[in-house]
Amino acid sequence: QVQVVESGGGLAQPGGSLRLACTASESISRNDVMGWYRQAPGKQRELVARIFSNRTTDYADFVKGRFTISRDNAKTTVDLKMNTLKPQDTAVYYCNVKRFATPLNPGYSYWGQGTQVTVSS
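(A) Expanded view of the overall build of the protein chain. Across its full length, the protein chain holds 0 helices and 11 strands. Starting at the N terminus and ending at the C terminus, the protein chain contains elements arranged as β-β-β-β-β-β-β-β-β-β-β. In terms of overall size, the protein chain behaves like a compact globule, its C-alpha atoms giving a radius of gyration of 14 Å where 121 residues would be expected to give roughly 14 Å. Seen through its principal axes, the protein chain has C-alpha atoms that stretch 50 × 30 × 25 Å. Looking at the protein chain residue by residue over its 121 residues, the buried ones come to 41%. Contacts in the protein chain between residues far apart in sequence, at least 24 positions, make up 55% of those at least 6 positions apart. For the protein chain, the exposed surface amounts to about 6700 Å²; the carbon and sulfur share of it is 48%.

Structure (structure tokens):
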């Protein structure tokens, strides 16, 4: 079973910064997609950013220019540096490790337990 563990959540002031870290078990493939999602109260879980093994990234429009995602394939970790935080960034942030299904191999998607990010003055 793949384990996904997040850390780094907490309280930040508007305009402040936080860095989230996620570590997945060594058993995952370096080609798996790793990403961060968030879910605010009363809202659906939404993609924040994701990153592929070749370092290609995909950001949600609402975080472009403020958040930076990075990964270390050898360590199977993915970080999310969040700058210029806004109150609307308040949410539970989840790390995700995903493999797309192929005709010969089933896909999978593993989630961490989530870490709370609160942005308030």
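Let us keep going from here.
(B) Quick peek at the state of the cysteines. As enumerated under the stated definition, the model contains 1 disulfide in all. Two residues, Cys22 and Cys95, share a disulfide whose sulfurs are 2.0 Å apart. Between Cys22 and Cys95, the S-S dihedral sits near -80 degrees, and the bridge is therefore left-handed. Pair noted here: Cys22 is in strand β3 (residues 18-24) and Cys95 is in strand β9 (residues 91-99), with a separation of 73 residues, a long-range link. For the pair Cys22 and Cys95, one class covers both residues: buried.

Thresholds, definitions, all that
Residues numbered from 1 in each chain as written. Predicted model: local features only at pLDDT ≥ 70, side-chain atom pairs only at ≥ 80, totals over all residues. Heavy atoms only, no water. Helix = DSSP H or I, 4+ residues; strand = E, 2+ residues; numbered from the N terminus. Rg over C-alpha atoms; globule rule 2.2 N^0.38 Å. Buried < 20%, exposed > 50% of the residue type's maximum accessible area, 1.4 Å probe, protein only. Contact = heavy atoms within 4.5 Å. Areas by Shrake-Rupley, 256 points an atom, 1.4 Å probe, with all protein chains shown as cover. Disulfide = S-S within 2.5 Å.

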